[in-house]
Amino acid sequence: MKIKYYLFPPAVAVAALVLAGCASGPQIHRGLTTTTPVTQNRDHAIYDWPTRHAAVLDYNRTHQPEIVLIGDSICHYWGGEPVAPKAWAPDVWKRTFAGMSVENLGFGWDRTENVLWRIDHGELNGISPKLIIIAIGTNNTGINNANDIADGIEAVCVRAHEVQPHAKILLLGILPRRDEVPPRPVITDQVNQLLKTRLGKVSWIDYQDFGPAFRKPDGTVNATLFADGVHPNHTGYEILGKLLREQIVQVLK
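What you are looking at is a predicted structure, and each value in this text was computed from that prediction instead of being measured.

Caption draft 1: The confidence of the model for the protein, seen in detail. On average, residues of the protein score 90 in pLDDT, and 89% of them are at 70 or above. Scored below 50 in pLDDT, residues 1–23 shows 52 contacts in the model against residues more than four places distant or in partner chains.

Caption draft 2: Geometry of the nonpolar core. Residues Leu124, Ile134, Ile169 and Leu171 are the most contacted members of the largest nonpolar core, which totals 40 residues. Looking at this core, the elements with two or more residues in it are helix 1 (49–62), strand 1 (67–71), helix 4 (112–120), strand 3 (131–135), helix 5 (146–163), strand 4 (168–172), helix 6 (184–199) and strand 5 (205–208). Aside from chain neighbours lying at most four places away, what touches Leu171 is Ile134, Ile153, Cys157, Leu195, Leu199, Ile205, Asp206, Tyr207 and Gln208. Core analysis: the next-biggest nonpolar cluster, separate from the first, contains 28 residues, Cys75, Leu170, Val230 and Tyr237 among them.

Caption draft 3: Structural view of the pattern of salt bridges. Counted under the stated rule, the structure contains 12 salt bridges. Measuring nitrogen to oxygen at the nearest pair gives 2.3 Å for the salt bridge that ties Arg61 to Asp58. Placement of the pair is Arg61 and Asp58 together in helix 1, with a separation of three residues, close to one helical turn. Taking the shortest distance from any N to any O, the salt bridge between Arg198 and Asp151 comes out at 2.6 Å. Here the residue Arg198 occupies a position in helix 6, and Asp151 occupies one in helix 5, the gap between them amounting to 47 residues. Taking relative accessible area as the criterion, Arg198 reaches 25% and is therefore assigned partly exposed. One salt-bridge network, held together by shared partners, links Asp91, Arg95 and Glu238.

Caption draft 4: Molecular detail of unusual backbone geometry. Geometrically, the link from Glu81 to Pro82 is a cis peptide bond, its omega value of -5° lying close to zero. The phi dihedral of Trp109 falls on the positive side, at around 70°, and the residue is not glycine. Here Trp109 shows up in the loop between strand 2 (102–106) and helix 4. Take Trp109: its relative accessible area is 38%, and that puts it in the partly exposed class.

Caption draft 5: Here's a closer look at the pairing of strand 3. Counting buried residues in strand 3 gives five out of five residues, a clear majority hidden from the surface. Side-chain alternation along strand 3 places Leu131, Ile133 and Ala135 on one buried face and Ile132 and Ile134 on a second face that is also buried. Strand direction decides the pairing type here: strand 1 and strand 3, joined by five bridges, are parallel. Counterpart to Ile70 in the pairing with strand 3 is Ile134. Sheet topology note: the strand 3/strand 4 ladder contains four bridges and is parallel. Of the residues in strand 4, the one forming a bridge with Ile134 is Leu171. Once you follow strand 3 into helix 5 and on to strand 4, the crossover reads as right-handed.

Caption draft 6: A look at the packing of aromatic side chains. Tallied over the full model, the rule gives nine aromatic pairs. Measuring from ring centre to ring centre gives 4.6 Å for Trp93 and Phe97, while their planes differ by 55°; the resulting arrangement is tilted. Trp93 sits in the buried class, given a relative accessible area of 7%. Taken together through their ring pairs, the aromatic side chains of Tyr47, Trp49, Phe107 and Trp117 make up a single cluster.

Reading guide: rules and limits
Residues numbered from 1 in each chain as written. Predicted model: local features only at pLDDT ≥ 70, side-chain atom pairs only at ≥ 80, totals over all residues. Heavy atoms only, no water. pLDDT = per-residue confidence, 0-100. Contact = heavy atoms within 4.5 Å. Core = buried A, V, L, I, M, F, W, Y, C linked by side-chain atoms within 4.5 Å. Buried < 20%, exposed > 50% of the residue type's maximum accessible area, 1.4 Å probe, protein only. Helix = DSSP H or I, 4+ residues; strand = E, 2+ residues; numbered from the N terminus. Salt bridge = Lys/Arg side-chain N within 4 Å of Asp/Glu carboxyl O. Pairing = 2+ DSSP bridges. Right-handed = clockwise from strand over helix to strand, strands pointing away. Phe/Tyr/Trp six-rings, centres within 6.5 Å; stacked < 30°, edge-to-face > 60°.

Here it is in structure tokens:
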């Protein structure tokens, strides 16, 4: 399956939703790079982006996951199915999601605009998950400002909700990075605060920031929890998995 790499206009015009606790609900803010669906192949040395997209569509024809995890390489190379070319902590994945059917829609090097393209092109179609976990945005922090990144993440939530209106969304704040240098730390904090302010009271979204678990008491990044500049090591995934499982149990209640 070949996919041309070009900008795709948004598929649906979305009006503001009136939601409990909000004057107006989440929206897709048009005209931004973070909200304009587009393909990518930045991680081509490890995997082929369009081939993985096709594998997801095939997976959805034969599986009915209870939980879907959408994100970038932090999700992609953790474990699960569709199988990635490498997995950093498959045992932690199995413990985290024990007793649950889970689909991994993590794509290495994805940004918000790439997730939007994938949702627009069927990756949430044909299934009926109870919970959609969204963890995206770290790859936008080096190139976009905080407002645009928050707009992109908000747009991902809107599109996921449009396609799967009966699913609860567990939105995770952007995790700290070991390679944090200005402006990344400030932008990450700003994005997470914007997400909390905008989406924290939306009825179908549960927003959680696990970032403090990856920092020292003085607020600096705990480098011992990372395999490289951005990805957790095995211990980091154990912390992430424990926090995530606790939250999943609460949300699915």
